[in-house]
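Working through the structure, step by step
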Amino acid sequence: MKIIVTGGAGFIGSHTVVDLLENGYEPIVIDDFRNSKPFIIERIKKITNKDFVSYNFDCGDIKKLSSVFLKEKPDAIIHFAADKAVNESVSNPLKYYHNNISTLVNVLSVVNKSKVKSFVFSSSCTVYGVPKKVPVSEFSPIQQAFSPYGFTKQIGEQILSDFAKSNPGVSISLLRYFNPIGAHPSGLIGELPLGVPSNLVPFITQTAIGIRESLIVHGNDYDTTDGTCIRDYIHVLDLARAHVLAFSNYLKKNNKPLILNIGTGKGSSVLEVIESFKKVNKTNLNYTFGPRRDGDAPCVYANSSLAKKVLGWEHKFSLEDALSHAWEWEKQLSIL
Ligand code: UD1
């Protein structure tokens, strides 16, 4: 079975390609490496000892996209190709509307003319905004997006709901990720943040290795157990598994998307993440407390029981596993 993975060299994409190869699928990667590096493709081959086809172009190029679809005749698409830096989306919203929305429309126009049976879309728990109740279920209200990035996820979901109505032959899954972290246990692939990371775990690993001087904990006066924000950190390999299970669900055709939360169901505070990181990796970490960051919700974690019920999906890796794997990746990056 042939699966096109757009953004297949990215953080979640590359781990999903590993899972696909290990489970006998034939991934076809399309990536222009704007948020990744070509060596990731070679590393995926090394981890799996398998070969696969990859194309280097922007999915916004509808001509190239159409010719790949014509040539490869894919059965399913996992669409990761998008930008994801919240701050950048505020300073450059058009980039986000272009890369996250126009590109999605392009991909769907090509899917429309193909025999694709299943489409999986990367959504985010950001669609829930600052939730009034936790854990957050798929039925929790969608709230006004705080950033253009968040809004592109909401619009993307709406576009796919409309597309599903007119294309009941394509099964569509929208996976709402909580906080993806970790790396492949081999230390060969992981997250490659551009510039200064805004996400917690890459900032922690870069501080521990000496690239950054100190981590700033954004706020310690929240109404939580230790005053710092609580998030649901999910290992990227568990997230990858959910994608593979989601597109395999294609026999269940429907005229509306299957929407699933993908998280562990366990919330961890920023201080808990710091302490776990130090303990599991036997390393020190400089940090100081700073003011709250605009737009941060005090506490977000998932109810993922629907993913278990529908896909039989459950997370396997712990926070400690993810922090240990992220650290192995960072150490390995430093000797590249
Ligand atoms: C962010 C995005 C979310 C996106 C997700 C992808 C926002 C508002 N949300 O989620 O849309 O889907 O990344 O992973 O940006 N923290 C620090 N110091 C740091 C970095 C982070 O204290 O240097 C804290 C944050 O305040 C937050 C927690 O760590 O409480 C997690 O932050 P982060 O990794 O950026 O993820 P989110 O903000 O939850």
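What counts, and where the lines are drawn
Residues numbered from 1 in each chain as written. Predicted model: local features only at pLDDT ≥ 70, side-chain atom pairs only at ≥ 80, totals over all residues. Heavy atoms only, no water. Helix = DSSP H or I, 4+ residues; strand = E, 2+ residues; numbered from the N terminus. Rg over C-alpha atoms; globule rule 2.2 N^0.38 Å. Buried < 20%, exposed > 50% of the residue type's maximum accessible area, 1.4 Å probe, protein only. Contact = heavy atoms within 4.5 Å. Salt bridge = Lys/Arg side-chain N within 4 Å of Asp/Glu carboxyl O. Pairing = 2+ DSSP bridges. Near = heavy atom within 4 Å. Polar contact = N/O pair within 3.5 Å; in protein donor to acceptor, adjacent residues only side chain to side chain. Areas by Shrake-Rupley, 256 points an atom, 1.4 Å probe, with all protein chains shown as cover. Axes fitted to C-alpha atoms, helices over the stretch in contact; angles between N-to-C directions. Expected span 1.5 Å × (residues − 1). 1 Å grid on protein atoms, 1.4 Å probe; cavity = no way out; pocket = protein on both sides within 12 Å on 5 of 7 lines; lining within 4 Å. Points joined across faces, edges and corners; volume = space filled by probe spheres on them. Nonpolar A, V, L, I, M, F, W, Y, C, P; charged D, E, K, R; others polar.

A few points about the overall build of the protein
- Within the protein, the regular secondary structure consists of 11 helices and 13 strands.
- Whereas a compact globule of 336 residues would reach a radius of gyration of roughly 20 Å, the protein reaches 19 Å, a difference of no more than 12%.
- When the 336 residues of the protein are sorted by exposure, 54% land in the buried category.
- A separation threshold of at least 6 residues defines the contact pool for the protein, and within that pool the share at least 24 residues apart is 80%.

So, the pattern of salt bridges
- Considering all chains together, one arrives at 18 salt bridges under this definition.
- Across the pair Arg-34 and Asp-58 runs a salt bridge, and its minimum N-O distance is 3.2 Å. Note that Arg-34 is positioned in the loop between β2 (26–30) and α2 (39–48) and Asp-58 in the loop between β3 (53–55) and α3 (62–72), a separation of 24 residues in sequence.
- With a shortest N-O distance of 3.7 Å, Arg-231 and Asp-296 are connected by a salt bridge. A residue pair is termed long-range when its members are at least 10 positions apart, and Arg-231 in strand β9 (residues 230–231) and Asp-296 in the loop between β13 (287–290) and α10 (305–311) qualify at 65 residues.
- Several salt bridges converge on common partners, so that one network encompasses Asp-32, Arg-34, Asp-58 and Asp-83.

Some remarks on the pairing of strand β8 (residues 215–218)
- Only one face of β8 is covered, namely the one carrying Leu-215 and Val-217; the face carrying Ile-216 and His-218 has none of its residues buried.
- As paired strands, β8 and β13 are joined by four bridges and run parallel to one another. Residue pairing across strands places His-218 opposite Gly-290, the latter belonging to β13.

Focus on the site of the ligand
- Near the ligand, the surroundings consist of 20 residues, among which Leu-200, Ile-216, Arg-231, Arg-293 and Asp-296 are the closest.
- Leu-200 is positioned such that a nitrogen or oxygen atom in its backbone is 2.8 Å from an oxygen atom of the ligand.
- For the ligand, whose accessible area on its own is 740 Å², the fraction buried by protein is 88%.
- Ranked by residue count, the leading element in the shell around the ligand is β8, at four residues.

Some thoughts on the sheet that holds strand β1 (residues 2–6)
- One open sheet holds the seven strands; their spatial order is β3-β2-β1-β4-β5-β6-β11, and the pairing between them is parallel. Every other strand in the sheet has two partners, leaving β3 and β11 (258–262) as the edge strands with one partner each. Here the average twist between neighbouring strands, direction ignored, is 20 degrees.

What about the side chain of Thr-16?
- In this structure, Thr-16 sits in helix α1 (residues 11–22).
- Discounting chain neighbours no more than four positions away, the residues touching Thr-16 are Ile-78, Phe-80, Ala-240, His-243 and Val-244.

Observations regarding helix α9 (residues 270–281)
- The end-to-end C-alpha distance of α9, which contains 12 residues, comes to 17 Å, matching closely the 16 Å that a straight helix rising 1.5 Å per residue would cover.
- Buried within α9 we find Val-270, Leu-271, Val-273, Ile-274, Ser-276, Phe-277 and Asn-281.
- Immediately downstream of α9, the backbone of Lys-282 shows phi near 45 degrees, a positive value.

Comments concerning empty space enclosed by the protein
- Under the criterion given, the structure shown has one cavity of 30 Å³ or more.
- Empty space within the largest cavity amounts to approximately 110 Å³.
- Lining the largest cavity are 13 residues; nearest its centre among them are Glu-191, Pro-202, Thr-205, Ala-326 and Trp-329.
- Every element with two or more residues in the lining of the largest cavity is listed here: α7 (200–209) and α11 (319–333).
- Residue classes in the lining of the largest cavity are distributed as eight nonpolar, three polar and two charged.

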